Amino acid sequence: GQQPAADEGKKKFAIVFKNTGNPYGEKEMAGYKIAIEEMGYEVILKAPAQPTVDGQIAIIEELIAQRVDAIAMVANDVDALNMALAKAMKQGIKVLSLDSAVSAAGRLVHINQADPELIGRVQIQAIKEMINGEGQIAVLSATSQATNQNAWIEWMIEELKEPEYSKMELVKVAYGDDLRDKSVSEMEALLKNYPNLKGVIAPTTVGIAAAGLVIEEKGLKGQVHLTGLGLPSEMASYIESGICEWMYLWNPIDVGYLAGYAAMALVDGSITGAVGETFEAGRLGKKEIIADGNGTQIMLGAPFKFEASNIAEWKTVY
Amino acid sequence: MSDIILELKNITKIFPGTKALDNVSFQLKRGEIHALMGENGAGKSTFIKVITGVHRPEQGEMFLGCSKVTLQGPKDAQKYGIAAIYQHVTCYPDLNVAENIFIGHEIRHKLGRLNWKEMYRISDELLQSLGINFNSRTQMGTLSVAQQQIVEIAKALSMKAKIIIMDEPTAALTKRESEELYRVTEQLRDNEGASIIFISHRFEDMYRLASRVTVFRDSQYIGNWELDKVSKDDLIKAMVGREVSSLYPKAKTDIGESVLELENLTRTGYFSGISFSVRKGEILGLTGLVGAGRTEVCESLFGIHKADSGKIIFAGNEVTIENPRTAMDLGIGYLPEDRQLQGLILDWGIDKNITLPNLDQFSNGVWLNDQKELEIAEDMFKKVLIKAQSVQATASSLSGGNQQKVVVAKLLTTDLKVIILDEPTKGVDVGAKYAIHKIMSDLASRGYAVLMVSSEMPEVLGMCDRIIVMKEGKISDTMDIADATQEKILEAAMVKSVKDRQ
Amino acid sequence: MIKNTNKLSFLLKWEWMLVALLILINIMNASLSPYYLEYNNMMSAIMAFLDRSFMVLPMAIIIIMGDIDISVASTVALSSVMMGVSVQNGVPMTVAILICMATATLCGFINGLIVTKFKELSAAIVTISTMILYRGIAYIILEDQAASGFPLWFSILGWGDIGTIPLILIVFIAFSVIFWLILHKTTAGRQILAIGQNNTASIYSGINVDKMRLFAFTAAGFMAGITALFLTSKMASTRPNIAIGYELEVIAMVVLGGVSTSGGKGKIHSVILAIFVIGLLKYGLGIINIHSQIVTIIIGLLLIFSTLLPSIGQRVMSKLKIIRQMNL
Amino acid sequence: MEKLLKKKNNIQLDQFRELGLLLFIIIISIMVQIRNPSFLTGENINDLLKNTAILSILSVGMMLVLVTRGIDLSIAANMAFSGMLASIIVRDFPQIHPVLIMLIGISAGTLSGFINGLLISKGKILPIIATLGMMYVLRGSTFLISKGQWVSAYQFTDGFKKMATGTNWGINNLILIAVAVYALAYYFINHTRTGRRIYATGSNPDSAKISGINTDRMVILVYSIMGMLSGLTGVLWMARFASAQSDSAMGYEMNVIAACVLGGVSMSGGSGKVGGILLGSLLFGILNNTLPLINVSPFWQNAIQGAVILLAVIANVLAKRGMTKRNLNRRDR
Ligand SMILES: Nc1ncnc2c1ncn2[C@@H]1O[C@H](COP(=O)(O)OP(=O)(O)OP(=O)(O)O)[C@@H](O)[C@H]1O
Ligand SMILES: Nc1ncnc2c1ncn2[C@@H]1O[C@H](COP(=O)(O)OP(=O)(O)OP(=O)(O)O)[C@@H](O)[C@H]1O
Ligand SMILES: [Mg+2]
Ligand SMILES: [Mg+2]
């Protein structure tokens, strides 16, 4: 087909999130958009209606057809997108992942919101402080195959091996599948099965909100402690009421923003995704590419701690 | 006050492709039982549905008493006191008998709550007055067709209608039940002052009940007569348009060796200890009261439901009949009782219906051959004298009798030795009845063994060589046609059950 | 002859509606996006929606027979997982493919067996249960793991071409022809239609209804296996949650293809047209970057209006017919 | 004598399904109780009923839909839509009384159901297509009205949340609402003219028309009721979980249909009982509640659920067959 001349020059940057209707994703895409538009390029924001791999593959095909310059993926599966992304890269499209990674073969570089080791360890440290280093704890996760969560839980288990946690016991990892109803009944079952449960870590926003809801409903505030990862807006009421003293999360806008600058750097050739390269990431300053297994990644920074004192200013942001 | 309670003038009703009623007029007098007759497809049922507001005619007027009325739907007709028992039972199989009777005109307490107690009471009363002894809480779907028909009658009675229309109510009934129905119908006329339109293909019904008769032919009005002033032959001529010599054209045949033999066939709860044999060239009648288990025996022979014990011997060998396919491959064909549910695919054309049981005949085992199929179908279409627009007209657009002929035609495409016919002329007009009887007789003379289930006494006596009477799942009598009389058959069919009731 | 007395009624036929719709969609897409009509793009679009379309063919047969199979997507998951686990444990790829197909066929066979042995149960409840069960077994096998490690040649299924035509398209055409012939040209097809129209009458006409139903459900299993092969190849890995929600998409395509869900009516070529209508519409809206939720709404409206129009048209037609007869 | 017997058997056969289910539920309960004594505690039963309330309310509507030979695939989408609408209003106008907001949600749900009914009765579209189409439309619209955002716990008013989480006479509101819905449904189905006519419509639509029943109106009514209950449960869902997402209750329609069929509602129309679906939903609820409770691996839960449903329906058929056989033997002649 004939292409309008104006289109030729204007570079197109796409971001693909897991699914629509997820405020966290909306913020990540918003951050990406800010970065791209700061430099005056065109941005395409996409997400399948359902969080499925084949939905994302179809979108990648559509983006290849439009000859975009870069695709930033928030993947629904580590491996399953590789073939589609390889096809994109073969056509000269720069591919990177952010937040939820694709495996090294399917990307040039990954934007890591925070170090999984750090995220895992910090949550155990938090719960230890809340329950005074003694008692049973449990984890309420998302689906049993969520890559991020599973990586973090592995690091939690690693951290628990340290001698200072000898009086703490991880009794169960439950899966609420990021469904409201299931998360609530899983949480209820935890409390019934382990009447002496002292703390719950929920490294997912639906899970942590459901856990907060159950603790509030059953009047267990102060007896069962709660921490984890969650959106400030979802958790504001539980942090304000003290059910969850504090929790962690990074700023999804920043994750998207950093991905935007990384994508532009890849497209203009100032980086190739190799270890040691550096680039300017707008208001985030200078960033460096570091190793990540057999791939490379860019770290955003440490997770942010949300507590009663700062939640009010963040709950309206994301 | 006028003598005429219902009058229809110049009614025309058109279905896409068919003119079902063409400028038809009709008068019903107060307090009379008026028979409506005509061949299958003459438009009788359509006419009834115009009166009850189910169909709206394209042309014509309707008068109730002296006032002109226009019906917007069945509801209106009910309001004017018109009730109907339709030809094809219109019941709710999932609801119980009382609900079936009262749906549409439920009895309610003051605040709108349903008055179940009253409804059950009245239902039980109605059923009792019809000589039926099942409970009004019985689920409709578990009743036999005939029993359902009786519930339909109870339903019409419950409406306390001034005009009651019965479209072939006796088609599924035996002599005894028909008698009950006559009694009730007369009671309605005499005690309730109702006027009744009665459709039937049976002359006995009409002579027994009606005082006047109207005849339709080919969607048109032919005429009406006082019954005592018209002979049966003239009536037949009016209906068919030509003379029909005899309704039972049974030819004498040489009866050969036995083809199908049953020994002690039993299906627990349905029938037990059934032994008989059907011979080459013979028409064997199987009769009895409704629910005697005749259909069940036939279905076991055809592999629909396997019998629990006993033997089936076919052409000298003991056989197990797994399913209808094995039966047909052996050479046993069955014309089922309920043509709409069991016999036809209503949405399909006549041609495809006819060829369905024997697709292999016009295919090389796998691939269909449309041309050959059409030929076979055309052939059969002519053979059994189906009246329709074309061989491709859908079965649903045919009248009852013509539908039945299609089902008969289906049987004839297969290469058979034994033909089982379950109520083959139920609801079939004189012309078609004659045609079906003729086919039966021909088959017998060509050496087929025919087993006919029928509830119609004259038919059994007129067509069969031997008669078996069943009563409550057992054979109560077997007689040769020479010894058979109506009285003997009735006695064999009923006596014990009468004793039981005392 | 009632048939074809009116030229308009011929145009009102479902397949022509779909053809018109398809042309309309192509014109719209081509005018909205300069990339749409490019051969390569068109082919990759077709590759993207054909994988699940294999299941549409047997589903059409099953729905025509008056049944339904809700478990097909779970069958895909279970057979794909079985294949993945086999490969991971060192089974040669060719054997793993056989395992995949055998598993899928077995799943379908079990459905068919239950449905025919327990006629009191509707196919819906049986396959809802096996939908949960089959995917459940897939979860038991793989838990939270993904199975990968497929050899490189296996990816040809999902991504390869023969000449310039995608392999998947060729396979799909082959299966379409087979199913079309079965339904429209063989005695078995006639029997399938008869069963859908009137099960009881079919039994009385000597059709072995049980055998046909068993066959149809088994075929659905088999075709789910084919889908599993292509889908797994496309992703080069598998998880228990693969193909989630496909059953509704498949059913949507069948009904848009004019197959009556009350049974007895349907045409394979209409169903194939429907696959392309939905697939190309989605793709076209995708490359002009319409939000995927709006695409969802459009598909919903398409489903509703494309069925509403003919139903209104039919009523108008029969009115017209009566008026013409009046004037005769 | 024989007739008397027959009558008794009929009643037994009719109620057999419910008895079978009840037995099944009791057996499962005993087994679970042995494994984990905290199952039959007041608190757990309360939780169980609370979590089953929404499913059981929806089953009532779905039963009526199935009775008229229909199906409604749009209910979960309708819940999300109505619930999201209500949540957005709470967020933006917290001063509005919660009950009024609930009414708005119910109205939105009813309207969607009404459209379904209209498409199916007047438009002559098959229920499965009409509601599948509506499902897509409603899911998309939910996203549009929410602009992809969630409504979070802090944005809900306490009054709104109390509708689902509060208690009256010591019993949770959800349970009370479910009880009320069931009482109304029982009365409606068995003691009103319209209720019976719905069954007649499903049992034989052609006859119903001939009997003067306005079948179109029945169909519209049934889908509107379904929509109304979806609206109600949609609002309750958001209030219960204190969060509104556009993908809430995704796929929930399958659970509801499964619960109905488990409860003996025939997919081919005409039959279905309030008692049956109550037990059907309860069995579903018990499975969801007990599997985590007896520490079954999450990876096994799906398979167990599927197997239990399959076994339950098959066992029911087998038992029913045995019963029929016994009856036949008894009336052998
Ligand atoms: N719904 C319909 N659509 C199209 N044609 C119809 C319809 N109902 C009846 N017809 C046609 O109208 C004509 C009259 O049929 P009708 O059922 O009134 O006959 P009938 O006199 O009652 O016959 P029978 O004695 O067999 O019951 C027939 O040709 C029939 O095919
Ligand atoms: N669906 C059913 N459920 C229970 N019993 C039935 C059912 N159908 C028939 N029966 C019983 O089985 C017995 C035999 O019925 P069948 O229909 O074979 O009798 P028939 O002599 O052919 O009568 P008909 O003239 O009504 O066909 C009767 O006692 C009847 O009440
Ligand atoms: Mg008639
Ligand atoms: Mg009979």
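Rules used in this analysis
- Residues numbered from 1 in each chain as written.
- Chains lettered and ligands numbered in written order.
- Predicted model: local features only at pLDDT ≥ 70, side-chain atom pairs only at ≥ 80, totals over all residues.
- Heavy atoms only, no water.
- Helix = DSSP H or I, 4+ residues; strand = E, 2+ residues; numbered from the N terminus.
- Rg over C-alpha atoms; globule rule 2.2 N^0.38 Å.
- Buried < 20%, exposed > 50% of the residue type's maximum accessible area, 1.4 Å probe, protein only.
- Contact = heavy atoms within 4.5 Å.
- Buried area = accessible area lost by both parts, 1.4 Å probe.
- Salt bridge = Lys/Arg side-chain N within 4 Å of Asp/Glu carboxyl O.
- Pairing = 2+ DSSP bridges.
- Axes fitted to C-alpha atoms, helices over the stretch in contact; angles between N-to-C directions.
- Domains from an automatic or database assignment.
- Phe/Tyr/Trp six-rings, centres within 6.5 Å; stacked < 30°, edge-to-face > 60°.
- Lys NZ or Arg CZ within 6 Å of the ring centre and 35° of its normal.
- Polar contact = N/O pair within 3.5 Å; in protein donor to acceptor, adjacent residues only side chain to side chain.
- Nonpolar A, V, L, I, M, F, W, Y, C, P; charged D, E, K, R; others polar.
- Donors = N, O, S within 2.8 Å, 3.2 Å for Na, K, Ca; no water.
- Near = heavy atom within 4 Å.
- Parallel < 35°, antiparallel > 145°, perpendicular 65-115°, else oblique.
- Left-handed = near helix turned anticlockwise from the far one by under 90°.

1. Observations regarding the overall build of chain A
Okay, so step 1: When its secondary structure is counted, chain A shows 11 helices and 15 strands.
Okay, so step 2: Relative to the compact-globule value of 20 Å for 318 residues, chain A shows a C-alpha radius of gyration of 21 Å, a close match.
Okay, so step 3: Every one of the 318 residues in chain A was classed for burial, and the buried ones make up 63%.
Okay, so step 4: Counted over contacts in chain A with a minimum sequence separation of 6, partners at least 24 positions apart contribute 67%.

2. Focus on the interface of chain D and chain C
Okay, so step 1: Listed as interface residues are 42 residues of chain D and, on the opposing side, 45 residues of chain C.
Okay, so step 2: Looking only at chain D, the three residues that lose the most surface to chain C are D:Ile129, D:Tyr136 and D:Phe299, adding up to 18% of its buried area.
Okay, so step 3: Counting across the interface, chain D meets chain C through one salt bridge.
Okay, so step 4: A salt bridge links C:Glu120 to D:Arg321; its shortest N-O distance comes to 2.8 Å.
Okay, so step 5: Contributing elements (two or more residues each) for the side of chain D that touches chain C: α5 (127-146), α11 (252-262) and α13 (298-330) of chain D.

3. Here we look at the sheet that holds strand β6 (residues 82-85) of chain B
Backbone hydrogen bonds are what pair the strands of a sheet, in a parallel or an antiparallel way.
All names here are of chain B.
Okay, so step 1: Judged by pairing direction, the sheet is mixed, and its six strands sit side by side in the order β6-β7-β8-β3-β9-β10 without closing on themselves. Of all strands in the sheet, those bounded by a partner on one side alone are β6 and β10 (220-226). Neighbour-to-neighbour, the strand axes of this sheet turn through a mean angle of 20°, independent of strand direction.
Okay, so step 2: Relative to strand β9 (residues 212-217), strand β3 (residues 33-38) runs parallel, the two sharing five bridges. The residue of β9 that forms the bridge with Leu36 is Thr214.
Okay, so step 3: Here helix α6 (residues 175-191) sits on the sheet and contacts β3, β7 (163-167) and β8 (195-199); the angle it forms with β8, its principal contact strand, is near 150°.
Okay, so step 4: Along the sheet, helix α8 (residues 232-240) makes contact with β3, β9 and β10, crossing β9 at roughly 30°.

4. Structural notes on the domain arrangement of chain B
Residues and elements named next belong to chain B.
Okay, so step 1: We note that the domain assignment places domain 1 (4-240), domain 2 (244-331 + 417-430 + 444-502) and domain 3 (340-415) within chain B.
Okay, so step 2: Taking the mean C-alpha position of each, domain 1 and domain 3 sit 31 Å from one another.
Okay, so step 3: Between domain 1 and domain 3, the residue contacts involve eight residues of the former and eight residues of the latter.
Okay, so step 4: For the pair domain 1 and domain 3, the summed buried area comes to about 560 Å², and 38% of that belongs to carbon and sulfur atoms.
Okay, so step 5: Between domain 1 and domain 3 we count zero salt bridges in total.

5. A few points about the packing of aromatic side chains
Okay, so step 1: Counting across every chain of the model gives 22 aromatic pairs over all chains.
Okay, so step 2: Both rings, one in B:Phe302 and one in B:Tyr334, keep their centres 5.4 Å apart while their planes meet at 45°; by these two values the pair is tilted. In this pair, B:Phe302 is assigned in the loop between α9 (294-301) and β14 (309-314) and B:Tyr334 in strand β16 (residues 332-335), connecting sequence segments 32 residues apart. Here B:Phe302 and B:Tyr334 have matching classes, each one buried.
Okay, so step 3: Taking 6.4 Å as the distance between ring centres and 90° as the angle between the ring planes, the aromatic pair formed by C:Trp153 and C:Phe154 counts as edge-to-face.
Okay, so step 4: For C:Phe154, a relative accessible area of 1% corresponds to the buried category.
Okay, so step 5: Within the aromatic cluster, the residues linked to one another by ring pairs are C:Phe54, C:Phe172, C:Phe175, C:Phe222 and C:Phe230.
Okay, so step 6: The ring of A:Tyr257 has A:Arg283 sitting right over it, with the charged end atom 4.2 Å from the ring centre.

6. A look at the interface of chain D and chain B
Okay, so step 1: Between chain D and chain B, the contact holds 30 residues from the first and 35 residues from the second.
Okay, so step 2: With both chains or domains summed, chain D and chain B bury close to 2800 Å², and 50% of this area falls on carbon and sulfur atoms.
Okay, so step 3: The shortest N-O distance in the salt bridge between D:Arg197 and B:Glu106 comes to 2.9 Å.
Okay, so step 4: Counting every contact that joins chain D to chain B gives 11 residue pairs in polar contact (both at pLDDT 80 or more).
Okay, so step 5: Elements with a minimum of two residues in the side of chain D that touches chain B: α1 (2-35), α7 (173-191), α8 (193-203), α9 (205-210) and α13 of chain D.
Okay, so step 6: For the side of chain D that touches chain B, the residue count by class is seven nonpolar, 13 polar and 10 charged.

7. Details of the packing of helix α3 (residues 39-53) of chain C against helix α12 (residues 209-235) of chain C
Pairs of packed helices are described in terms of their axes, by the angle between the two and the distance that separates them.
Residue and element names in this part refer to chain C.
Okay, so step 1: For the pair α3 and α12, interaxial distance at closest approach is 8 Å and the crossing angle is 145°. Listed contacts from α12 to Met47, Ala48, Asp51 and Arg52 of α3 are Thr227, Phe230, Leu231 and Lys234.
Okay, so step 2: Here the contact of α3 with α12 is built from residues that sort into four nonpolar, one polar and three charged.

8. Focus: the environment of D:Gly61
Residue and element names in this part refer to chain D.
Okay, so step 1: When you line up the elements, Gly61 lands in helix α2 (residues 42-67).
Okay, so step 2: Considered as a pair, Gly61 and Cys260 are 199 residues apart in the sequence and their alpha carbons are 9.8 Å apart.
Okay, so step 3: Sequence-distant contacts of Gly61, that is, excluding residues within four places in its chain, are made with Met226 and Leu229.

9. Digging into the coordination of the magnesium ion (ligand 4)
Each donor-metal-donor angle in an ideal tetrahedron of four donors is 109.5 degrees, and each such angle in an ideal octahedron of six donors is either 90 or 180 degrees.
Okay, so step 1: Around the magnesium ion (ligand 4), the donor atoms from the protein are B:Thr295 (OG1) and B:Glu337 (OE), and they sit 1.8 to 2.5 Å away. A residue pair is termed long-range when its members are at least 10 positions apart, and B:Thr295 in helix α9 and B:Glu337 in the loop between β16 and α11 (339-343) qualify at 42 residues.

10. Focus on the site of ligand 1
All names here are of chain B.
Okay, so step 1: By nearness alone, 19 residues border ligand 1, and Asn40, Gly41, Ser45, Thr46 and Ser397 come closest of all.
Okay, so step 2: One of the backbone N or O atoms of Ala42 is found 3.2 Å from an oxygen atom in ligand 1.
Okay, so step 3: A distance of 2.9 Å separates an oxygen atom of ligand 1 from a polar atom in the backbone of Gly43.
Okay, so step 4: Elements that contribute at least two residues to the shell around ligand 1 include exactly β2 (18-29), α1 (44-51) and α14 (400-412).
Okay, so step 5: Looking at the shell around ligand 1, the element that brings in the most residues is α1, giving three residues.
Okay, so step 6: Formed jointly, the shell around ligand 1 draws a minimum of three residues from each of two domains, domain 1 (4-240) and domain 3 (340-415).

11. Description of the packing of α3(C) against helix α14 (residues 268-287) of chain C
Residues and elements named next belong to chain C.
Okay, so step 1: The N-to-C vectors of α3 and α14 enclose an angle of 130°; their axes lie 10 Å apart at closest approach. With respect to α14, the axis of α3 lies oblique. The two elements α3 and α14 cross, and the hand of that crossing is right-handed. Between α3 and α14, the contacting residues are Asn41, Met42, Ala45, Ile46, Phe49, Leu50 and Ser53 on the first element and Ile275, Phe276, Gly279, Leu280 and Tyr283 on the second.
Okay, so step 2: Grouping the amino acids of the contact of α3 with α14 by side-chain chemistry returns nine nonpolar, three polar and no charged.

12. A few points about the side chain of B:Asn358
Residues and elements named next belong to chain B.
Okay, so step 1: The topology assignment puts Asn358 in the loop between α12 (350-355) and α13 (370-383).
Okay, so step 2: For Asn358, a relative accessible area of 15% translates into the label buried.
Okay, so step 3: Discounting chain neighbours no more than four positions away, the residues touching Asn358 are Thr413 and Thr414.

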